[in-house]
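Letter by letter, the chains look like this.
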Amino acid sequence: MLAYLIRRLGQAALVMAVMATIVFFGLYTVGNPIDLLINPEDDLAAQEAAMRRLGLDQPIWVQFGHFVGGIFEGDLGTSFVHNRPALELILSRLPATLELVFFAMLLAVLIGVPLGMIAGLRPDAPSSKAIMAASILGFSIPNFWQGLMLIMLFAVYWGILPAGGRGDTVDVLGIPVSFLTWDGLKHLFLPALNLAIFKMSLVIRLARAGTAEVALQDYVKYARARGLSPSRVIGVHVLKNILIPVVTVLGLETGNAIAFAVVTETVFAWPGIGKLLIDSINLLDRPVVVAYLMLTVFMFVMINFLVDIGYSLLDPRVRIQARGR
Amino acid sequence: MSAAADTPLRRLAGDFVKSPSAVVAAIGLVLIVLAAVFAGAVAPQNPYDLAQIDIFDGSLPPGSTGFDGFHYLLGTDEQGRDMLSAIIYGLRISLSVSFISVSVAVLIGLVMGMLAAWRGGWVDSLIMRIVDIQLSFPALLVALLLLAALGKGVDKVILALIIVLWAYFARTVRGAALVEIRKDYITAARSQALPGWRILFGHLLPNVMPPVIVIATVQIANAISIEAALSFLGVGVPITEPSLGLLIANGFDYLLSGRYWISFYPGIALLLTLVCINVVGDQIRDILNPRMQR
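From a predicted model like this one, the values you see are computed outputs, not experimental measurements.

Draft legend 1. Seen up close, the overall build of chain B. In terms of helices and strands, chain B carries 11 helices and two strands. Ordered by position in the sequence, the α and β elements of chain B form the string α-α-α-β-β-α-α-α-α-α-α-α-α. Its C-alpha atoms give chain B principal-axis dimensions of about 75 × 50 × 30 Å. Within chain B, buried positions represent 51% of all 294 residues. Across chain B, the fraction of contacts at a sequence separation of at least 24, relative to all contacts at a separation of at least 6, is 68%. Surface accessibility of chain B: about 13400 Å² in total, with carbon and sulfur atoms responsible for 66%. Treating the 19 positive side-chain charges of chain B as one cloud and the 19 negative ones as another, the clouds have centres 17 Å apart.

Quick look at the structure:
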């Protein structure tokens, strides 16, 4: 197990190094951030002073050397735009993204599992066919356009929910959260729903397939034969047994949700790390982009590792060693 | 199975028409592709010819008639561009970007996947390790970071999509090739002392194609939606060559003032295209899937 973790971390370090180097030099060739940052009416001396302050006057190799040296001191550079350490900046935005992803997952399960079970119990009913058609649509619909349409309906035509932003927040243990205020909840709902619809379609399919299979098992027949009420059979015996695949797949999907949060956060102006990434790419804020990349690679490796461990705990037939090629 | 079904292609067609929804989707897809290919002839106006657009016709709702009697079926954007024409031209860019990138990714995936299965050993481990690592990250995120480093441009979007997509094909091809390599016809080809490349491309290649075709249809839809998302985020195609994603992004600013049609209709076009491809792809998968064959 330890050897497995070490090999995984080694791989992650390699991926981080390769991607960070590509993006570091790539952003350098795309453009000079100083052109976007300073007042165009400033004279040449002011421009040069600004470049010196950000270290951009030095050759790219020297800049890269500073960057690599900084990593070993836990310093991923300072944002050109915000003038704060890049890592600190990203970590300050991370709670907003995690809150969004968490509520999206919650919505996906709370709505997706019951709908999938309905479709699985009565596969030929019109309501089940409608649910499955909706889930196919949920897979195909472009996420960002779906967000625009949600804004159009809820914010522009009905005017019942705000179009973007995060609303009022409350500090819990020093971290601002939205879901504890009414205004924050109203701001959270649309972006969370937008992020949830794709996962919901996935959960519906998993829950339907699981229900159709479990409903035929002997223990379900036995539970019925004992005279238990249908709601108890479905709510306890069936539900428990379909949750394992749902939970594992959703665990794997957490990483994807963080990636797709980039799109949702941009549409709804939600101040998380995804929106920060897009703003930083547009402003050529290299330290933030590179720091985001390294942090995400790390998070992905950890998520995959936890899912692997979860697999082997839930299903003893899966041995970790067997997965290493 | 009818008696006329003698060639694989005819058998495929025969199975395909058994699903009415797949036939409707296939017809829709053909129409969409034809409209995109012959955009110049199909579109009511050339939206990028400044002589044809009239700024005074800007932001007209769908169904309006312009000053010179031109009928704007889907309305106009703020510069007086006919949205229907802009969508058809945008469709052309979306489709060609995804088609080119998937084609190249298929080629790379075929070569890499067959090489991994054929050579085995360290070649196999190296290629599959790269594939595994790449597939553990979401395609959209990898493409986004690559484009941050490459800058905007149609060619750069294609390059990023190729880098993201080849791994799916390499994995599928390797899996199929490992099964095929154990079969007698490969042993027969080997015992004839044919050169390796002739066995790979002459004998193995045709037999690993069915799963590749299935993955390719799915990945074209995937490529279209990744490209649209990248362009929406502002790192994809440049403003001079707007794809559907960029058209939707341009309409975003006008949505809040109620001018919904500028991003609504390009999105409908995108959605229809994706649904048609997915339905056709599902049907092809069901036909080619050996477990479903009678």
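Draft legend 2. Up close: the interface of chain A and chain B. Contact with chain A, which involves 42 residues of that partner, is made by 38 residues of chain B. A buried area of about 3500 Å², summed over both sides, lies between chain A and chain B, and 79% of it is on carbon and sulfur atoms. Our count for the chain A to chain B interface comes out at zero salt bridges. Run the count over chain A and chain B and you get three residue pairs in polar contact (both at pLDDT 80 or more). Among the elements of the structure, α1 (2-30), α6 (126-140), α7 (143-157), α10 (230-268), α11 (273-282) and α12 (286-314) of chain A are those that each provide at least two residues to the side of chain A that touches chain B. It is α1(A) that provides the largest number of residues to the side of chain A that touches chain B, a total of nine residues. When grouped by side-chain class, the residues that make up the side of chain A that touches chain B number 31 nonpolar, 10 polar and one charged.

Draft legend 3. The arrangement of the packing of α11(A) against helix α6 (residues 139-150) of chain B in detail. Between α11(A) and α6(B), the least distance of the axes is 10 Å, while the angle of their chain directions is 20 degrees. Comparing their axes, α6(B) and α11(A) come out roughly parallel. With respect to the hand of their crossing, α11(A) and α6(B) are arranged in left-handed fashion. On α6(B), the residues that touch Leu277(A), Ile278(A) and Ile281(A) of α11(A) are Leu144(B), Leu145(B) and Ala148(B).

Draft legend 4. Structural detail: the confidence of the model for chain B. Residues and elements named next belong to chain B. A residue-level look at chain B finds 94% of positions with pLDDT of 70 or above and a mean pLDDT of 84. Predicted confidence for residues 1-5 stays below pLDDT 50, and this span has five contacts to residues more than four positions away or in other chains. Here the complex is predicted with pTM 0.85, and the ipTM for its interfaces comes to 0.82.

Draft legend 5. A look at the packing of aromatic side chains. The full count for this structure, using the stated rule, is 15 aromatic pairs over all chains. Both rings, one in Phe139(A) and one in Phe198(A), keep their centres 5.3 Å apart while their planes meet at 85 degrees; by these two values the pair is edge-to-face. Of this pair, Phe139(A) sits in helix α6 while Phe198(A) sits in helix α8 (residues 182-214); the two residues are 59 residues apart in sequence, bridging distant segments of the chain. Residue class for Phe139(A) comes out partly exposed when judged on its relative accessible area of 24%. Relative to Phe232(B), the ring of Phe144(A) has its centre 4.6 Å away and its plane inclined at 25 degrees; by these criteria the two rings are stacked. Of this pair, Phe144(A) sits in helix α7 while Phe232(B) sits in helix α9 (residues 196-233), placing the two residues on different chains. Like Phe144(A), the residue Phe232(B) is buried in the burial classification.

Draft legend 6. Expanded view of the nonpolar core. Residues Phe144(A) and Leu144(B) are the most contacted members of the largest nonpolar core, which totals 176 residues. In terms of residue count, the dominant contributor to this core is α9(B) (17 residues). Setting aside chain neighbours within four positions, we find Leu144(B) in contact with Val262(A), Leu277(A), Ile278(A), Ile281(A), Leu230(B), Leu233(B) and Val235(B).

Draft legend 7. How the structure looks around the packing of α1(A) against α6(B). It is at 6 Å that the axes of α1(A) and α6(B) come closest, and there the two elements cross at 40 degrees. Accordingly, the angle class assigned to the pair α1(A) and α6(B) is oblique. For the pair α1(A) and α6(B), contact is made by Met19(A), Ile22(A), Val23(A), Gly26(A), Leu27(A), Thr29(A) and Val30(A) and by Leu145(B), Ala148(B), Ala149(B) and Leu150(B), respectively. Grouping the constituent residues of the contact of α1(A) with α6(B) by class yields nine nonpolar, two polar and no charged.

Draft legend 8. The arrangement of the confidence of the model for chain A in detail. Scored by pLDDT, chain A has a mean of 81; 94% of the residues are at 70 or more. Considering only residues more than four positions removed or in separate chains, one finds that residues 320-325 of chain A, a stretch of pLDDT under 50, has 12 contacts.

Draft legend 9. Just the environment of Gly245(B), in detail. If you trace the backbone, Gly245(B) turns up in helix α10 (residues 244-255). If we skip the residues at most four places from it in the chain, Gly245(B) touches Phe144(A), Ala228(B), Ser231(B) and Phe232(B).

Draft legend 10. Expanded view of the pattern of salt bridges. Here the structure, examined in full by the defined rule, presents eight salt bridges over all chains. Put simply, Lys199(A) and Glu253(A) hold a salt bridge, and the shortest N to O gap is 2.6 Å. Taken together, the positions of Lys199(A) in helix α8 and Glu253(A) in helix α10 put the pair 54 residues apart, joining distant regions of the chain. Both residues of the pair, Lys199(A) and Glu253(A), count as buried. In this structure, Asp124(B) and Arg174(B) form a salt bridge, with 2.7 Å as the shortest nitrogen-oxygen distance. With Asp124(B) in helix α5 (residues 121-135) and Arg174(B) in helix α7 (residues 154-181), the pair connects residues that are 50 residues apart, well separated along the chain. Beyond isolated ion pairs, a larger network of salt bridges with shared partners links Asp282(B), Arg285(B) and Asp286(B).

Draft legend 11. Seen up close, unusual backbone geometry. Positive phi values are uncommon outside glycine, yet Leu284(A) reaches one of about 55 degrees. Residue classification places Leu284(A) among the buried residues on the basis of a relative accessible area of 10%. The phi dihedral of Ala193(B) falls on the positive side, at around 60 degrees, and the residue is not glycine. With respect to the element layout, Ala193(B) can be found in the loop between α8 (184-191) and α9. Residue Ala193(B) is classed as exposed on the basis of its relative accessible area of 64%.

Draft legend 12. Quick peek at a nonpolar patch on the surface. Residue and element names in this part refer to chain B. Nonpolar side chains collect at one region of the surface, where Ile-27, Val-30, Leu-31, Val-33, Leu-34, Val-37, Phe-38 and Val-42 lie side by side and expose about 710 Å² of accessible area between them. With six residues, helix α2 (residues 20-37) is the largest single contributor of residues to the nonpolar patch. Summarising the element assignment, Phe-38 is placed in the loop between α2 and α3 (39-42).

Cut-offs used in this document
Residues numbered from 1 in each chain as written. Chains lettered and ligands numbered in written order. Predicted model: local features only at pLDDT ≥ 70, side-chain atom pairs only at ≥ 80, totals over all residues. Heavy atoms only, no water. Helix = DSSP H or I, 4+ residues; strand = E, 2+ residues; numbered from the N terminus. Buried < 20%, exposed > 50% of the residue type's maximum accessible area, 1.4 Å probe, protein only. Contact = heavy atoms within 4.5 Å. Areas by Shrake-Rupley, 256 points an atom, 1.4 Å probe, with all protein chains shown as cover. Lys, Arg positive; Asp, Glu negative; His and termini not counted. Charge placed at Lys NZ, Arg CZ, Asp CG, Glu CD. Buried area = accessible area lost by both parts, 1.4 Å probe. Salt bridge = Lys/Arg side-chain N within 4 Å of Asp/Glu carboxyl O. Polar contact = N/O pair within 3.5 Å; in protein donor to acceptor, adjacent residues only side chain to side chain. Nonpolar A, V, L, I, M, F, W, Y, C, P; charged D, E, K, R; others polar. Axes fitted to C-alpha atoms, helices over the stretch in contact; angles between N-to-C directions. Parallel < 35°, antiparallel > 145°, perpendicular 65-115°, else oblique. Left-handed = near helix turned anticlockwise from the far one by under 90°. pLDDT = per-residue confidence, 0-100. Phe/Tyr/Trp six-rings, centres within 6.5 Å; stacked < 30°, edge-to-face > 60°. Core = buried A, V, L, I, M, F, W, Y, C linked by side-chain atoms within 4.5 Å. Patch = residues over 30% accessible without salt bridge, like charges linked within 9 Å, V, L, I, M, F, W, Y side chains within 5 Å.

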